[in-house]
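Residue-level structure breakdown
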Amino acid sequence: AQSVTQPDIHITVSEGASLELRCNYSYGATPYLFWYVQSPGQGLQLLLKYFSGDTLVQGIKGFEAEFKRSQSSFNLRKPSVHWSDAAEYFCAVGAYNFNKFYFGSGTKLNVKP
Amino acid sequence: DGGITQSPKYLFRKEGQNVTLSCEQNLNHDAMYWYRQDPGQGLRLIYYSQIVNDFQKGDIAEGYSVSREKKESFPLTVTSAQKNPTAFYLCASSIPPGRGTYEQYFGPGTRLTVT
């Protein structure tokens, strides 16, 4: 069965520190992978996506993610976190010609001053 | 600006009443989706539609109904049969899968509280 696991429910980092949010997926076909960010009480905003090609993808707000097929992972990274990055982050997987996205349960990021 | 609007942002209803949540998009997307979000559970798909006058059940369709009479609109009705309707509801749209990179664009959400 298809699934997405975000093993960290909450993460706290200091402003200026680096960040890595983990995402593991289980999917039988070649996955399309996404990271979204959600501020409290708001909708989701797409940070980046991977469909094919270079396994290191760049997104908005200085985020990047690396697709590792051997590890079934698509971890999100940022070299230096800003206080405005505090939000909830969701990893999602889909596939070509397939209607459903599968979302992870989310990771809440707290940024310490 | 193109985007997705959901109204209202907050909605309060008494138990036993049906309630309809609005979702409108001007992105010219064929596909539209409804998700339910509960704390710690991510997003769960309620219904989706790839084209006007057609829609399919998602993973948690029981107690919900939808219509797709116009490309721009995909209203969701939460019926009295939904046992736990209090939640945050998100609408999304995309180009249909199979036509390219089909990331979903989300509206701002509607928080429904049923007492």
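Conventions and cut-offs
- Throughout this document, residue positions are counted from 1 along each chain, in the order its sequence is written.
- Each chain takes a letter, starting from A, and each ligand takes a number, starting from 1, following the order in which they are written.
- Local features in this predicted model are restricted to residues of pLDDT 70 or higher, and side-chain atom pairs are both shown and tallied only at a pLDDT of 80 or more, whereas totals for entire chains, interfaces and linings draw on every residue.
- In computing side-chain values, all of the structure's heavy atoms are included and hydrogens and water are not.
- A run of H or I in DSSP becomes a helix once it reaches four residues, and a run of E becomes a strand once it reaches two; helices and strands are each numbered from the N terminus.
- When we talk radius of gyration, it's over C-alpha atoms, and the globule rule is simply 2.2 Å times the number of residues to the 0.38.
- Only protein chains enter the area calculation, which uses a 1.4 Å probe; residues under 20% of their type maximum are buried, those over 50% are exposed, and those in between are partly exposed.
- Residue contacts are counted whenever heavy atoms from the two residues lie within 4.5 Å of one another.
- Method for areas: the Shrake-Rupley scheme with a 1.4 Å probe, in which residue coverage is limited to the protein chains shown.
- Only four residue types enter the tally: Lys and Arg on the positive side, Asp and Glu on the negative side, with His and both chain ends excluded.
- One atom stands in for each charge, and that atom is NZ of Lys, CZ of Arg, CG of Asp or CD of Glu.
- For the purposes of these results, a polar contact is taken to be a pair of N or O atoms within 3.5 Å, where, inside protein, one atom must be able to donate a hydrogen and its partner to accept one; residues adjacent in sequence count only when each atom of the pair is a side-chain atom.
- A simple way to read buried area is as the amount of 1.4 Å-probe accessible surface that goes missing from two parts once joined, with both sides added.
- Between Lys or Arg on one side and Asp or Glu on the other, a salt bridge is scored when a side-chain nitrogen of the former is within 4 Å of a carboxyl oxygen of the latter.
- For Phe, Tyr and Trp, where Trp contributes only its six-membered ring, two rings pair if their centres lie within 6.5 Å, and the inter-plane angle classes them as stacked under 30 degrees, edge-to-face over 60, or tilted in between.
- A positively charged side chain is recorded as over a ring if its NZ (Lys) or CZ (Arg) lies within 6 Å of the ring centre. The angle to the ring normal must also be within 35 degrees.

In this section: the overall build of chain A. Secondary structure assignment for chain A yields zero helices and twelve strands. Counting from the amino terminus, chain A carries its helices and strands in the arrangement β-β-β-β-β-β-β-β-β-β-β-β. Relative to the globule expectation of 13 Å for 113 residues, the C-alpha radius of gyration of chain A, 13 Å, shows essentially globular dimensions. Its C-alpha atoms give chain A principal-axis dimensions of about 45 × 30 × 20 Å. Evaluated residue by residue, chain A yields a buried proportion of 49% over its 113 residues. Once local pairs closer than 6 in sequence are excluded, the contacts in chain A between residues at least 24 apart make up 53%. Carbon and sulfur atoms form 48% of the exposed surface of chain A, whose accessible area is close to 5,300 Å². For chain A, the distance from the average position of its 10 positive side-chain charges to the average position of its 8 negative side-chain charges is 5 Å.

Quick look at the side chain of D30 of chain B now. Residue and element names in this part refer to chain B. Checked against the element boundaries, D30 lands in the loop between β3 (19-25) and β4 (31-37). Judged by relative accessible area, which is 19%, D30 ranks as buried. Polar side-chain contacts of D30 include one of 3.5 Å to the side chain of K71. If near-sequence neighbours (up to four positions away) are discounted, D30 is found in contact with S49, Q50, I51, R68, K71, S94, P96 and R99.

Next up on the list: the interface of chain A and chain B. Between chain A and chain B, the contact holds 23 residues from the first and 23 residues from the second. Here chain A packs against chain B, burying approximately 1,900 Å² in sum over the two surfaces, 55% of which is carbon and sulfur. One can count one salt bridge joining chain A with chain B. The closest approach of N and O atoms between K49 of chain A and E103 of chain B, which form a salt bridge, is 2.8 Å. Counting across the interface, chain A meets chain B through four residue pairs in polar contact (both at pLDDT 80 or more). Ranked by the residues each element gives to the side of chain A that touches chain B, the list is headed by strand β5 (residues 32-38) of chain A, at four residues.

Once that is clear, we can look at the packing of aromatic side chains. Tallied over the entire structure, the rule returns 18 aromatic pairs over all chains. Linked through ring pairs, Y32, F34, Y36, F51, F101 and F103 of chain A together with Y33, Y35, Y48 and F106 of chain B together constitute an aromatic cluster. Against the face of F74 of chain B rests R68 of chain B, its NZ or CZ located 5.9 Å from the ring centre.

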